[in-house]
Amino acid sequence: MLLEWIEASNFRNLSGKIFWGPGFNIIHGSNGQGKTNWLEAIHTLARAKSFRTQHLQESIKFGEQLAVVRGRVAHGADIHRDLQIALQGNTKSISLNGKREPLTGYLSQIHIVALTADELDIVRGMPDARRRFLDRGVASLQPAYVQTLMDYNRVIKQKNHILRNSAEREISLFETENLVAPWNQQLIGLAAQVHRGRCDYVERLNQVLERRVFGREEVTLNYVSSLEGKGDLDDYQGLIAERLRLRLPAELAAGHSLIGPHRDDLAILFDGHEMRIYGSAGQQRSALLLLDLAAISLYNSWHNDYPLFLIDDVDAELDEKRIGKLLEYLEGRTQTFITTAKSSHVGRFFSQANVFEIEEGVVVGTAEPKVISAVEKP
Amino acid sequence: MLEYAEPVTKLIDEFKRLPSIGQKSAQRLAFHIMRMPEAEVERLVLAMREVKQRIILCSVCNNHTELDPCRFCSSPTRDHGVICVVEEPHSLVAVEKTRSFKGVYHVLHGSLSPIRHIGPSDLHLANLLPRLKPENNEGVQVTEIILATNPTTEGEATANYIGRLLKPLGLRVTRIAMGMPVGSDLEYVDEVTMDKSLANRHEI
């Protein structure tokens, strides 16, 4: 897929339209000029979600009511689709080719992989960041997984309510068991699907992981089920059913669910050591890149297409050696969007790229003459 | 300060209490009512009053009815040995439209949802178990319970709960299938339904 152009109005400080090139697109400018805002606009157009904020209304320019991001995406040579997301107050409305579109259909239009500062949580943060990474990956290969996950989370939420309520009102274990049983029964099936989806995905990631692109250490991934060591994981349904039965008193005491894949983790290892604990900042960044590249490669082998790759503030995240290797790897693969404040990088690494100079949210110069933007100051 | 005269505001507020009616719809309805001839308004008021006064819940199956027991529970041509359990009266109508179900119903008026503080005791379940005894059921032994609650996590939990309740009694408890809508194209089916249909495929 290819993002042909994007147009923003009242989205943070952005205005105007940018026609992107098929390979590397460098968004260059001083700090605070709105480089990352353009990445955020692409991210928001693709995922109907920002990577910076939970509350999309924060992206509306101060004093304005309505922010709009529009874009055109090409699938192959002949299929062009117009996407639009409009933000007004707390509501967002999305449309595809000028017609309102349900979220699930809309989200499948552009798939992106983003390397931002927040994503570093995957390699050094809490397990939930790693579970989200895996879930996003599984969903990119099997869309029905999104519903499975939603159902699973819903069941956990309902069950937690029972456990909390029982704990507060001192409802007996026997009665709680009765109330929890119908939810546990669903939990078993859904948990097994989540477990299988994530395990498969990790296995596939391991197969395509370019273990040594960025360093001498060998990176491996290992899905760590919270039920590991508790019995036979091959019979996951049987095992989790058993654990749910045994651990109900503990769950009741805790007031929330203790058993299930919402407690699982992904171990990222280098030469057998855990990256999160023992990895240096540089090694962690390399590992994150490897994960992203593996996700891109898997997406490609599944869909015969490449997702868009967004890299925010490339100099902050990567040293020159890694940037060089990364660009070499991406050459001819993804359409890549990179922000940087260093002009030395622009000349050195990005001779093949389209360069967009940003000032106060608008493009004031481009490195390739064919790339012209409609510049209108607000 | 009120934007409209007091009676209008009051009417708008009342409309807004109704499900899926927001401020704008409520205003539109209120203004429409003001334009309506008085006789029509009377008819509407009467219809609402009548529905409250004349419709009761069937003491056997909890369906909305004017006569107790309802037309299904009192019908000699229905099979009283098969009970279809549904969440809402309108789900009953959906099953009934098939014209192929000849059994009787049991309406729960809801589904289990701890988040919304709906537990088993909030469902109309109490009069289901007594129905399973022949002496309470026109002398007929119930042989099968069909659980036709919605295919949501809440509907599923409700079906599970009732299943657990009934299994020890040794009767046949079934759950309706999930899958493809009939008469539509494969291409129009969402991926989740398609996924379920593949998982629940059967040999021909």
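**Topic: unusual backbone geometry**
And then number 1: Note the cis peptide between aspartate 68 of chain B and proline 69 of chain B, where omega equals -5°.
And then number 2: Looking at the secondary structure, you find proline 69 of chain B in the loop between β2 (64-65) and β3 (79-86).
And then number 3: Unlike most non-glycine residues, glutamate 170 of chain A shows phi in positive territory, near 50°.
And then number 4: Relative to the elements of secondary structure, glutamate 170 of chain A occurs in the loop between α5 (145-169) and α6 (173-208).
And then number 5: The backbone of histidine 117 of chain B sits at a positive phi, close to 60°, despite the residue not being glycine.
And then number 6: Here histidine 117 of chain B lies in the loop between β4 (103-107) and β5 (144-147).
And then number 7: Judged by its relative accessible area of 60%, histidine 117 of chain B falls in the exposed class.

**Quick look at the nonpolar core**
And then number 1: Within the largest apolar cluster, 91 residues are counted, with the highest numbers of intra-cluster contacts made by Ile240, Ile268, Phe309 and Leu326 of chain A together with Ile145 and Ile162 of chain B.
And then number 2: Sorting elements by how many residues they give to this core places α6 of chain A first, with 11 residues.
And then number 3: Setting aside residues no more than four positions away along its own chain, isoleucine 145 of chain B makes contact with Ile83, Val85, Leu132, Leu166, Leu171, Arg172, Val173 and Thr174 of chain B.
And then number 4: Counting residues in hydrophobic clusters, the runner-up holds 38 residues, among them Ile6, Leu39, Ile60 and Phe356 of chain A.

**A short note on the sheet that holds strand β10 (residues 265-270) of chain A**
Residues and elements named next belong to chain A.
And then number 1: Here three strands make up an open sheet; going across it, the order is β9-β10-β11 and the pairing antiparallel. Unpaired on one side and paired on the other, β9 (219-224) and β11 (273-274) mark the two borders of the sheet.
And then number 2: Relative to β10, β9 runs antiparallel, the two being bridged by six bridges. Bridged to tyrosine 223 within β10 is leucine 266.

**Describing the sheet that holds strand β6 (residues 172-175) of chain B**
Residue and element names in this part refer to chain B.
And then number 1: Across the sheet, which stays open at both edges, the four strands sit in the order β4-β3-β5-β6 with parallel pairing between neighbours. Unpaired on one side and paired on the other, β4 and β6 mark the two borders of the sheet. On average, each strand axis in the sheet is inclined to that of its neighbour by 25°, with strand direction left out of account.
And then number 2: Both β5 and β6 contribute to a ladder of four bridges, which runs parallel. From the neighbouring strand, leucine 147 faces β6, where its bridge partner is arginine 175.
And then number 3: Set on the sheet, helix α4 (residues 89-96) makes contact with β3 and β4; between it and β4 the angle comes to about 160°.

**Looking at the layout of surface pockets**
And then number 1: Within this model, the second largest pocket holds a volume of roughly 890 Å³.
And then number 2: In this structure, the second largest pocket is lined by 29 residues; those nearest its centre are Asp151 of chain A together with Pro151, Met178, Val192 and Lys196 of chain B.
And then number 3: The set of elements that each furnish at least two residues to the lining of the second largest pocket consists of α5 and α6 of chain A together with α5 (153-166) and α6 (191-199) of chain B.
And then number 4: Ranked by residue count, the leading element in the lining of the second largest pocket is α6 of chain B, at six residues.
And then number 5: Residues of the lining of the second largest pocket, tallied by class, amount to 10 nonpolar, 12 polar and seven charged.

**Side note on the interface of chain B and chain A**
And then number 1: At the junction of the two partners, chain B supplies 17 residues and chain A supplies 17 residues.
And then number 2: Our count for the chain B to chain A interface comes out at one salt bridge.
And then number 3: In this structure, arginine 154 of chain A and glutamate 154 of chain B form a salt bridge, with 2.5 Å as the shortest nitrogen-oxygen distance.
And then number 4: Here chain B is connected to chain A by nine residue pairs in polar contact (both at pLDDT 80 or more).

**Section: the confidence of the model for chain B**
All names here are of chain B.
And then number 1: Taken residue by residue, chain B gives an average pLDDT of 91. The fraction at 70 or more is 100%.
And then number 2: By mean pLDDT, the top-scoring element of chain B is β4 (96), and the lowest-scoring one is α6 (79).
And then number 3: Overall fold confidence (pTM) sits at 0.81, and the ipTM for the predicted complex is 0.71.

**Description of the environment of serine 197 of chain B**
Residue and element names in this part refer to chain B.
And then number 1: Relative to the elements of secondary structure, serine 197 occurs in helix α6.
And then number 2: For serine 197 and proline 181, which are 16 residues apart along the polypeptide, the C-alpha to C-alpha distance reads 9.8 Å.
And then number 3: When sequence neighbours within four positions are dropped, the list of residues in contact with serine 197 reads Gly179 and Met180.

**Overview of a nonpolar patch on the surface**
And then number 1: On the surface, Leu129, Leu165 and Leu169 of chain B cluster together into a nonpolar patch covering about 250 Å² of accessible area.
And then number 2: Residue placement: leucine 169 of chain B occurs in the loop between α5 and β6.

Quick notes on the rules
Residues numbered from 1 in each chain as written. Chains lettered and ligands numbered in written order. Predicted model: local features only at pLDDT ≥ 70, side-chain atom pairs only at ≥ 80, totals over all residues. Heavy atoms only, no water. Helix = DSSP H or I, 4+ residues; strand = E, 2+ residues; numbered from the N terminus. Buried < 20%, exposed > 50% of the residue type's maximum accessible area, 1.4 Å probe, protein only. Core = buried A, V, L, I, M, F, W, Y, C linked by side-chain atoms within 4.5 Å. Contact = heavy atoms within 4.5 Å. Pairing = 2+ DSSP bridges. Axes fitted to C-alpha atoms, helices over the stretch in contact; angles between N-to-C directions. 1 Å grid on protein atoms, 1.4 Å probe; cavity = no way out; pocket = protein on both sides within 12 Å on 5 of 7 lines; lining within 4 Å. Points joined across faces, edges and corners; volume = space filled by probe spheres on them. Nonpolar A, V, L, I, M, F, W, Y, C, P; charged D, E, K, R; others polar. Salt bridge = Lys/Arg side-chain N within 4 Å of Asp/Glu carboxyl O. Polar contact = N/O pair within 3.5 Å; in protein donor to acceptor, adjacent residues only side chain to side chain. pLDDT = per-residue confidence, 0-100. Patch = residues over 30% accessible without salt bridge, like charges linked within 9 Å, V, L, I, M, F, W, Y side chains within 5 Å. Areas by Shrake-Rupley, 256 points an atom, 1.4 Å probe, with all protein chains shown as cover.

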